[in-house]
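Okay, here's what each chain looks like letter by letter:
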Amino acid sequence: MSPRAVALIEADERAAKALERVLSGRGYEVLRYETPGRFFDALLKRVPQIVLLGLPLPGMEGTDVLRVLRGNAETKRLCVVVLDGLGRPARVVDGLEAGADEYLSKPV
């Protein structure tokens, strides 16, 4: 595990580029994935220190990705921050109940 690797799973291209620019400028290695499938494939080879997880995602809701991470012994302790552009109270609750460590409204 790279101590400075951040996985960014975000379908919103504009938000992803902005986050990637900020994080890489601060010395983090950003591992960017546009879909949950690509993220899960990459997890087989490398587990990041933190996951920034967008809501929604193509093919799978971010809260479902989170439940999969929390249900796996190797990834259940990963720090996961949910990113959402809606910020509705119900979505905040859903993200936190699914196991998110933190919930941030976009733009971050």
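This structure is a prediction, so every number in the text was calculated from the model and none was measured.

**Q** What is the right way to read the pattern of salt bridges from this model?
**A** Once the charged atoms of two side chains with opposite charge are near each other, the side chains can pair. Evaluation of the coordinates by the stated rule reveals six salt bridges. In this structure, the salt-bridge partner of E13 is R32, at a minimum N-O distance of 2.8 Å. Separated by 19 residues along the polypeptide, E13 in helix α1 (residues 13-25) and R32 in strand β2 (residues 29-33) bring together distant segments of the chain. Residues D101 and R70 are paired through a salt bridge, measuring 2.9 Å at the closest nitrogen-oxygen approach. With D101 in the loop between α4 (89-97) and β5 (102-105) and R70 in helix α3 (residues 62-71), this pair connects stretches of sequence that are 31 residues apart. Linked by salt bridges that have partners in common, E13, K17, E20 and R32 make up one network.

**Q** I would appreciate a short explanation of the nonpolar core in the present structure.
**A** For soluble globular proteins, the rule of thumb is that nonpolar side chains tend to be buried together. Judged by nonpolar contacts, the single largest core of 21 residues is most densely connected at I9, F39, V51 and L53. Counting only elements with at least two residues in this core, the list comes to β1 (5-9), β2, α2 (36-43), β3 (50-55), α3 and β4 (79-84). Dropping the residues within four chain positions of it, V51 is found in contact with A7, I9, F39, L78, C79, V80 and V81. Formed by nine residues, the second largest nonpolar core is a distinct cluster that contains V6, V30, L52 and V81.

Quick notes on the rules
Residues numbered from 1 in each chain as written. Predicted model: local features only at pLDDT ≥ 70, side-chain atom pairs only at ≥ 80, totals over all residues. Heavy atoms only, no water. Salt bridge = Lys/Arg side-chain N within 4 Å of Asp/Glu carboxyl O. Helix = DSSP H or I, 4+ residues; strand = E, 2+ residues; numbered from the N terminus. Core = buried A, V, L, I, M, F, W, Y, C linked by side-chain atoms within 4.5 Å. Buried < 20%, exposed > 50% of the residue type's maximum accessible area, 1.4 Å probe, protein only. Contact = heavy atoms within 4.5 Å.

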